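# Architecture at a glance
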Amino acid sequence: MGRGARQALSLSIDREGIAAGLLRDPEAAAPELFPASLGPWHLGLDADEAQDVERARELLAELGWEANGSGVLERDGAPFELTLRTFSDRPELPLVATALQDQWREIGVALEVDVGNASGIPSGHHDGSLELGLMARNYGLVPDPLGTLLDDFGTDPEAMGGDWGAMGWRDDDLAAWLDTLRQETDPEARTELAAQVARRLNDAMPVVPVAWYQQTAAVNVELEGFSIDPLERSYRIDELRWSE
């Protein structure tokens, strides 16, 4: 799938509706890949500006897609039909998949949702049968997102996205930036490169973000100074105080 089609699919997603209606947290709407908790990787884009259905239709028309009598887009006699694989280990995923199915139908894309095992996505990735996969990807699994990004978009041309990254997509500039980041020690240079990577991923859209994971915690009302470490390395107990 080309860049224009990926952008069209992204522009047609009602992230705020999915976050508020299905995930019960409006702040989970993800107009970009990295949340604010990941510092320089976060671009600060607005979720309410990430949806533009008319622009999505324009992009698809520019690519030669036209609606048939059933409202499904066609090009050269072939309908725009996709299969999205997901899994129920995370119970919200099939619900989000159904929402995407409905929202993409509005722009003429026929989506079949295949709910199976989590292994179906990396398996389809490796054998080339995967068209779309909806899953949860944790860029805070290690203290720096770079570790995961190198697997998903990195310098190894044989990996082509590993198990969970972008399937069949490669950007030599981005791969070089990630490799430089792997070796760079200057904080300012790292910050600049992280932003470059984030901008390129947002522009090329090899992975389409929908919602960010939200951490939750229960805290006694008599405690002050509580905060969550987004990378889950510390409970920050030394910052807690009893309220006076």
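For the structure itself, look to the data block above.
Notes on the structure in this doc start here.

The rules behind these values
- Residues numbered from 1 in each chain as written.
- Predicted model: local features only at pLDDT ≥ 70, side-chain atom pairs only at ≥ 80, totals over all residues.
- Heavy atoms only, no water.
- Phe/Tyr/Trp six-rings, centres within 6.5 Å; stacked < 30°, edge-to-face > 60°.
- Buried < 20%, exposed > 50% of the residue type's maximum accessible area, 1.4 Å probe, protein only.
- Helix = DSSP H or I, 4+ residues; strand = E, 2+ residues; numbered from the N terminus.
- Axes fitted to C-alpha atoms, helices over the stretch in contact; angles between N-to-C directions.
- Parallel < 35°, antiparallel > 145°, perpendicular 65-115°, else oblique.
- Left-handed = near helix turned anticlockwise from the far one by under 90°.
- Contact = heavy atoms within 4.5 Å.

With that settled, the discussion passes to the packing of aromatic side chains. Within the structure shown, the criterion is met by four aromatic pairs. Between the aromatic rings of Phe34 and Trp41, the centroid separation amounts to 5.6 Å while the plane-to-plane angle is 55 degrees, which identifies the pairing as tilted. Across the pair, Trp41 and Phe34 agree in class, each one buried. When the ring of Phe34 is compared with that of Tyr139, the centres are 5.3 Å apart and the planes differ by 70 degrees; the resulting orientation is edge-to-face. Of the two residues, Phe34 is situated in the loop between helix 2 (15-21) and helix 3 (53-62) and Tyr139 in the loop between strand 6 (132-133) and helix 6 (146-153); the sequence distance between them amounts to 105 residues. Note on Phe34: relative accessible area 1%, which makes it buried.

When two helices pack together, you describe them by how their axes are tilted relative to each other and by the distance separating the axes. It is the contact of helix 6 with helix 7 (residues 172-183), at a shortest axis distance of 10 Å, that shows an interaxial angle of 150 degrees. On the basis of the axis angle, helix 6 is roughly antiparallel to helix 7. Handedness of the crossing formed by helix 6 with helix 7: left-handed. Facing Leu146, Leu149, Leu150 and Phe153 of helix 6, the residues of helix 7 in contact are Leu174, Ala175, Leu178, Leu181 and Arg182.

These results come straight from atomic positions and should not be treated as a statement about function.
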